[in-house]
Amino acid sequence: MIPKSKIPLISIAFATTLTLSKLFVALYSGSLAVLSSALDSLLDILSSMVNYFALKTAEAPPDKNHPFGHGKFEALAAFIQSFIIFITGLFLLWKSVDNFISGKHLKDVDASVYIMVFSVFMTVILSVILRYYAKKYNSNVILTDAMHYEIDLITNSGVLLSLFVVKFFNFHSIDYIVSFAISLYIMVSSFKLGFNVSKELLDSEIKSSELEVIKDALRKHDELIIDYHRIRTRKAGKTIFVDMHITICRESTLESAHRIAMGIEKELKESIPDIDVIIHIDPCDERNCTGKFNCSKLNRL
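Now for a description of the structure that goes with this document.

Conventions adopted
Each chain has its residues counted from 1, following the order in which its sequence is written. Confidence filtering applies because this is a predicted model: local features only for residues at pLDDT of at least 70, side-chain atom pairs given and counted only at 80 or more, and all residues used for totals across whole chains, interfaces and linings. The basis for every side-chain value is the complete set of heavy atoms in the structure, and neither hydrogens nor water enter the calculation. In this text, helices come from DSSP runs of H or I with a minimum length of four residues, and strands from runs of E with a minimum of two, each type numbered from the N-terminal end. Polar contacts, as counted here, are pairs of nitrogen or oxygen atoms within 3.5 Å of one another; within protein the pair requires one atom able to donate a hydrogen and one able to accept it, and residues that are adjacent in sequence qualify only if both atoms are side-chain atoms. By definition in these notes, contact holds between two residues if any of their heavy atoms fall within 4.5 Å. Planes of paired rings set the category: under 30 degrees apart is stacked, over 60 is edge-to-face and the rest tilted, where pairs are Phe, Tyr or Trp rings (Trp by its six-membered ring) whose centres lie within 6.5 Å. Each residue gets one of three labels from its accessible area relative to the maximum for its type: buried under 20%, exposed over 50%, partly exposed in between, using a 1.4 Å probe on protein chains only. Patch rule: a residue counts if its relative accessible area is over 30% and it has no salt bridge; like charges are joined within 9 Å, and nonpolar side chains (Val, Leu, Ile, Met, Phe, Trp, Tyr) within 5 Å. The method behind every accessible area is Shrake-Rupley, applied with a 1.4 Å probe, and residues are considered shielded solely by the protein chains displayed. A side-chain nitrogen of Lys or Arg and a carboxyl oxygen of Asp or Glu constitute a salt bridge if their distance falls within 4 Å.

## Remarks on the side chain of Lys-22
Looking at where Lys-22 falls in the secondary structure, it is placed in helix α1 (residues 7-29). Among the polar contacts made by the side chain of Lys-22, one reaches the side chain of Ser-119 at a distance of 3.1 Å. In contact with Lys-22, not counting residues within four places along its chain, are Val-34, Ser-37, Ala-38, Ser-41, Ile-115, Ser-119 and Asn-156.

Laid out in structure tokens, this is it:
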């Protein structure tokens, strides 16, 4: 099993191989589509390097300056990636228009076809590896990297298709058209990616399905607590942070109230291993006391 912090090194190795190969062929053949793919692979290297340092930082334990840990470095890295991807798309958009106006044509279609077939094959392998480890480690930054290379797979396939059109139909304008379409697709994808990871950076509430797991765990303690309220959640890396209020009988001792809170915390950690819980205890009052609790019994728990 490869350690989580080492996963980006796989991406860097793949991206470096593809970048050098594509740049060589693009400069030789004059293909704008292959050049755009090469530049995209170059930025893949930079993105994976950002991920590498982000994951190493995110795995560091909490310290004086970061008492909640370093999990948000993962989301920050993913957000930086989305910005890099957007700039890539913007550059390709400009290059497509510029080459269309200048009317540049490919010199060697066959070499471009070979390198793009190789690129598609390598990208499929890398995407499968990243998807596997993203699920294994429940990591947003690895998942973001996988999505990035899946976008590359689509763009590489589009480039390959355009090269076949040039080769068999001598329609050179397709090189500009495909490059233009790819640039728009990259820009839209980067915007969606940045929007999604910004939720974690802005402390948005966790997914409803994850929140329901927390409420299910609380319902198992209905015999001990009167209610639960003010549940606040957020996520940083793989860790879910939760703070909540529970109401118990006002005649309970401090020791029994603490035991109840610890029991709920234990139940939550069994349901969600990567969770950090803070529970505030409220005593019941005339508004919410149902009278069904035997406080003397609770004190013996």
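## A look at the packing of aromatic side chains
This structure, assessed with the given rule, holds three aromatic pairs. Seen from their ring centres, Tyr-132 and Tyr-133 are 5.0 Å apart, and the 80° between their planes marks the pair as edge-to-face. Given the relative accessible area of 45%, Tyr-132 is considered partly exposed. Aromatic ring contacts, followed pair by pair, group Tyr-132, Tyr-133 and Tyr-137 into a single cluster.

## Some thoughts on a nonpolar patch on the surface
There is a patch of nonpolar side chains on the surface, built from Phe-164, Phe-168, Phe-169, Phe-171 and Ile-177 and spanning about 560 Å² of accessible area. Top contributing element to the nonpolar patch by residue count: helix α5 (residues 140-169), with three residues. Positionally, Ile-177 belongs in helix α6 (residues 173-201).

## Notes on the pattern of salt bridges
The final tally for this structure, using the stated rule, is four salt bridges. Between Glu-150 and Arg-131 there is a salt bridge whose closest N-O contact spans 2.7 Å. Here Arg-131 lies in helix α4 (residues 109-137) and Glu-150 lies in helix α5, a separation of 19 residues in the sequence. For Arg-131, a relative accessible area of 38% gives the class partly exposed. Measuring nitrogen to oxygen at the nearest pair gives 3.1 Å for the salt bridge that ties Arg-259 to Glu-255. Of the two residues, Arg-259 and Glu-255 both sit in helix α8 (residues 254-271), four residues apart, roughly one turn of that helix. The partly exposed category is assigned to Arg-259, whose relative accessible area is 36%. Residue class for Glu-255 comes out exposed when judged on its relative accessible area of 55%.

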